[in-house]
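# Results of the structural survey
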Amino acid sequence: MDEAEPEESQKSGRARGSLNHELSKFFNQLWDADVNRMNPGTDYRISLQGKAGYVPAGSKKARDSAHYPLFQHVDEEKLKSRKTFATFISLLDNYEMSTGVAEVVTAEEVAEINRFLDAILETKVMKLTHEYLIKKNLAKPSQKEFRSQLYNIWFQLYSRGPGKGNDSCGFEHVFVGESKRGQEIMGLHNWVQFYLQEKRNNIDYKGFVARQHKNRPDEDDQVLNLQFSWKDMVKPVGSSFIGVSPEFEFAVYTIVFLMSQEKVTKEIVRVEEYELQIVVNRHGRYIGTAYPALLSSNNPDLY
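As annotated in an unreviewed UniProt entry, the protein is Protein endoU from Aquarana catesbeiana. Its UniProt record, at the heading Cofactor (unreviewed entry), says of the protein: "Mn(2+)". Annotation of the protein in UniProt includes, under Sequence similarities (unreviewed entry), the sentence "Belongs to the ENDOU family."

Further remarks concern the overall build of the protein. For the protein, the helix and strand inventory stands at ten helices and ten strands. Burial analysis of the protein (303 residues in total) assigns 60% to the buried set. The long-range fraction of contacts in the protein, counting pairs at least 24 apart against all pairs at least 6 apart in sequence, stands at 69%. Total accessible area on the protein is roughly 12,900 Å²; 47% of this is exposed by carbon and sulfur atoms.

With that out of the way, let us pick up the sheet that holds strand S5 (residues 203-208). Strand order across the open sheet formed by three strands is S5-S6-S7, with antiparallel pairing between neighbours. The sheet is open, and its two edges are formed by S5 and strand S7 (233-241), each paired on a single side. The sheet shows a mean angle of 35° between the axes of neighbouring strands, taken without regard to direction. Here strand S6 (residues 223-230) pairs with S7 via seven bridges, running antiparallel. Residue Leu226 lies in a different strand from S7, and its bridge partner there is Gly238. Along the sheet, helix H9 (residues 191-199) makes contact with S5, S6 and S7, crossing S5 at roughly 120°.

A word on the pairing of S5. Summarising burial for S5: five of the six residues are buried, a large majority. With five bridges connecting them, S5 and S6 associate as antiparallel partners. Residue pairing across strands places Ile203 opposite Trp230, the latter belonging to S6.

What follows deals with the nonpolar core. In terms of nonpolar packing, the biggest core is built from 80 residues, with Phe27, Phe71, Trp154, Phe155, Phe171 and Ile278 touching the most fellow members. Per element, the largest residue contribution to this core is nine residues, and it comes from helix H10 (residues 246-258). In this structure Phe71 touches Tyr44, Arg45, Ile46, Trp191, Phe194, Tyr195, Glu198 and Ile242, once residues within four positions along its chain are discounted.

For the structure on display, the rule yields eleven salt bridges. Ionic pairing is found between Lys140 and Glu145, a salt bridge with its closest N-O pair at 4.0 Å. Through salt bridges that share partners, Asp64, Asp204 and Lys206 make up one connected network.

Note that Glu275 resides in strand S9 (residues 274-283). With 256 residues separating them along the chain, Glu275 and Leu19 place their C-alpha atoms 8.7 Å apart.

Here the structure, examined in full by the defined rule, presents one cavity of 30 Å³ or more. Lining the largest cavity, in full, are Phe71, Leu188, His189, Asn190, Trp191, Phe194, Leu226, Phe228, Gly238, Ser239, Ser240 and Ile242. In terms of residue class, the lining of the largest cavity is built from seven nonpolar, five polar and no charged.

Attention shifts here to the side chain of Gln227. Checked against the element boundaries, Gln227 lands in strand S6. A distance of 3.2 Å separates the side chain of Gln227 from the backbone oxygen of Pro236, its partner in a polar contact. Apart from the residues within four sequence positions on either side, Gln227 is in contact with Ala52, Gly53, Val55, Ala62, Arg63, Tyr205, Lys206, Gly207, Val209, Lys235 and Pro236.

Two numbers describe how helix H5 (residues 107-121) lies on H10: the axes approach to 10 Å, and their chain directions differ by 85°. Relative to H10, the element H5 lies roughly perpendicular. Only Pro246, Glu247 and Phe250 of H10 make contact with H5, whose side of the interface consists of Phe116, Leu117 and Ile120. Class assignment for the residues of the contact of H5 with H10 results in five nonpolar, no polar and one charged.

This part takes up helix H2 (residues 21-33). For H2, built from 13 residues, the straight-helix expectation of 18 Å at 1.5 Å per residue is met to within 8% by its first-to-last C-alpha distance of 18 Å. Within the sequence span of H2, burial applies to Leu23, Ser24, Phe26, Phe27, Asn28, Leu30, Trp31 and Ala33. Elements that come into contact with the buried residues of H2 comprise helix H6 (124-135), H10, strand S8 (264-271) and S9. Between the side-chain oxygen of the N-cap and the backbone nitrogen of Glu22 there are 3.3 Å, and the N-cap of H2 in question is Asn20.

Conventions used here
Counting restarts for each chain, with residues numbered from 1 along the sequence as it is written. Given that this is a predicted model, residues contribute local features only at a pLDDT of at least 70 and side-chain atom pairs are listed and counted only at 80 or more, while totals for whole chains, interfaces and linings are drawn from all residues. As a rule here, side-chain values cover all heavy atoms of the structure and leave hydrogens and water aside. UniProt positions are given in the numbering used here, feature names are shortened, and annotations may be inferred rather than shown by experiment. Put simply, DSSP H or I for four residues or longer makes a helix, DSSP E for two residues or longer makes a strand, and each gets a number counted from the N terminus. Relative accessibility under 20% of the residue-type maximum defines a buried residue, over 50% an exposed one, and the middle range a partly exposed one, all with a 1.4 Å probe and only protein chains included. Contacts between residues were defined by any pair of non-hydrogen atoms, one from each residue, lying within 4.5 Å. All accessible-area figures derive from a Shrake-Rupley calculation using a 1.4 Å probe, and residue coverage is judged against the displayed protein chains alone. DSSP-based pairing: two strands are paired if at least 2 bridges between them are found. Here an axis means a line fitted to C-alpha atoms, over the contact stretch when the element is a helix, while the angle between two N-to-C directions is reported on a 0 to 180 degree scale. We define a nonpolar core as any set of buried Ala, Val, Leu, Ile, Met, Phe, Trp, Tyr and Cys residues linked to one another through side-chain atoms lying within 4.5 Å. Here, a salt bridge means any Lys or Arg side-chain nitrogen found within 4 Å of an Asp or Glu carboxyl oxygen. A pocket, in this scheme, is an open set of points on a 1 Å grid over the protein atoms alone with protein on both sides within 12 Å along at least 5 of 7 lines, while a cavity is a set where a 1.4 Å probe fits but cannot get out; residues line either one if an atom lies within 4 Å of a point. Grid points are joined across faces, edges and corners, and a volume is the space filled by probe spheres set on the points. Each residue receives one of three labels: charged for Asp, Glu, Lys and Arg, nonpolar for Ala, Val, Leu, Ile, Met, Phe, Trp, Tyr, Cys and Pro, and polar for the others, Gly being one of them. Contacts described as polar in this section are N or O atom pairs within 3.5 Å, which, within protein, must combine one atom able to donate a hydrogen with one able to accept it, while residues neighboring in sequence count only if both atoms come from side chains. Here is the rule for angles: anything less than 35 degrees is roughly parallel, anything more than 145 is roughly antiparallel, 65 through 115 is roughly perpendicular, and the remaining ranges are oblique. To estimate the expected span of a helix, count its residues, drop one, and scale the result by 1.5 Å.

Shown next, in the form of structure tokens:
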């Protein structure tokens, strides 16, 4: 089970849904409250280079339209000095890449998860999110219970295939990435993980994927559709926020997840200049996948 590619969700999103004004307004509040966000051009620089070609799912090869890495510079000192990023980075090496291989969570890893949750719950972004969910009767007022709810949604292990051990969780899929029997990349929708894997030469950025209403993204765009290979597997289209804090992504995906019991929820929102489809796939009581499919940018600011 993995996400549809953004182009597919783009079509269905246009047909099925209209702009969710309430969520758009609230997500813009979260965007404005996201003081930990890294700023394009100063805190990091990207190089978009060429437009990626078409690659069928499961393919091991893709034309390389980018001779250089996507990330030209990231201020790692700043990144690691921000508590939510630092505690987030400590979680990225805790998971077994291949599905079908049971995860083992050590006491030390549980402590790292708790440190991360404590760090994000101190932020204004998550405080606003908690208040919003209480109003909607989707979270209890107790911070301890809210923390436990987040732990269950994101970190509770489950099995992606029948008869397999508990080999996955929402956090691993969305933020770390995993592979389907070593043949196909699943998830990996986080810019920090992308940057760190690219720095270790595990990721090869192949180029940007164009959108409906604008052929070429800008270097300061904070949502991108990308094509890349990771450890010899190709991701035809991977979409990701760029520069945002982990708490911002946690907040957006958690809200969309809790607001619907559908197997797949797609909410069209306008955040800053970006029109996005936030796609959240449910795996029982847990997050299966979550990502932002970019529909268009350079929109007038609505809120």
